[in-house]
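Here are the chains, one letter per residue:
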Amino acid sequence: MPLKIRADEIVAKNSITLNGVLKASWPVSFTFIRGEIPGGVVDGANAAFTLANAPAAGSVVLFLNGLRLLSGAGTDYTLTGANITMATA
């Protein structure tokens with residue numbers, strides 16, 4: 001059964017309120033970034049790329065030629081801070 005929320009106003013920044021009543025809060029704000037193209041030379045030999053900012057753990061999804069890549073040691077790429085290292089160039 002899908003979740004249905006009825007409210008005159010929903011606000012999300014560092015907290016969520018429904019009709020002026022605080023429902024949840026967290027200490028920091030967050031930003032979603034979609035479609036970022038990592039920096040680095042795309043020449044078939046370079047395997048090191050950089051994001052503009054270090055993402056939250058588990059939040060990155062990379063695609064190459066339309067295929068989703070797997071993250072972690074022994075897979076398609078590793079992510080350390082804002083640095084992406086491809087397993088093969």
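How each quantity is defined
- Residues numbered from 1 in each chain as written.
- Predicted model: local features only at pLDDT ≥ 70, side-chain atom pairs only at ≥ 80, totals over all residues.
- Heavy atoms only, no water.
- pLDDT = per-residue confidence, 0-100.
- Helix = DSSP H or I, 4+ residues; strand = E, 2+ residues; numbered from the N terminus.
- Buried < 20%, exposed > 50% of the residue type's maximum accessible area, 1.4 Å probe, protein only.
- Pairing = 2+ DSSP bridges.
- Axes fitted to C-alpha atoms, helices over the stretch in contact; angles between N-to-C directions.

Topic: the confidence of the model for the chain
Here is step 1: Confidence along the chain averages 80 in pLDDT terms, with 71% of residues attaining 70 or more.
Here is step 2: Between the elements of the chain, mean pLDDT differs from a low of 52, seen in strand β1 (residues 10-12), to a high of 95, seen in strand β8 (residues 83-86).

Notes on the pairing of β8
Here is step 1: Only one face of β8 is buried, namely the one carrying I84 and M86, since none of N83 and T85 on the opposite face is buried.
Here is step 2: Here strand β4 (residues 48-50) runs beside β8; their pairing, made up of 3 bridges, is antiparallel. Within β8, the position partnered with F49 by the bridge is I84.
Here is step 3: Of the pairings in the sheet, the one linking strand β7 (residues 77-80) to β8 comprises 4 bridges and is antiparallel in character.

Here we look at the sheet that holds β4
Here is step 1: Spatially, β4-β8-β7 is the arrangement adopted by the 3 strands of the open sheet, whose pairing is antiparallel. The sheet is open, and its two edges are formed by β4 and β7, each paired on a single side. Strand after strand, the sheet turns through a mean of 20 degrees between neighbouring axes, direction not considered.

Observations regarding unusual backbone geometry
Here is step 1: Within the chain, N65 stands out as a residue other than glycine whose phi angle is a positive 55 degrees.
Here is step 2: Tracing the chain through its elements places N65 in the loop between β5 (63-64) and β6 (67-68).
Here is step 3: A residue is classified by how much of its surface remains accessible, and N65, at 77% relative accessible area, is exposed.

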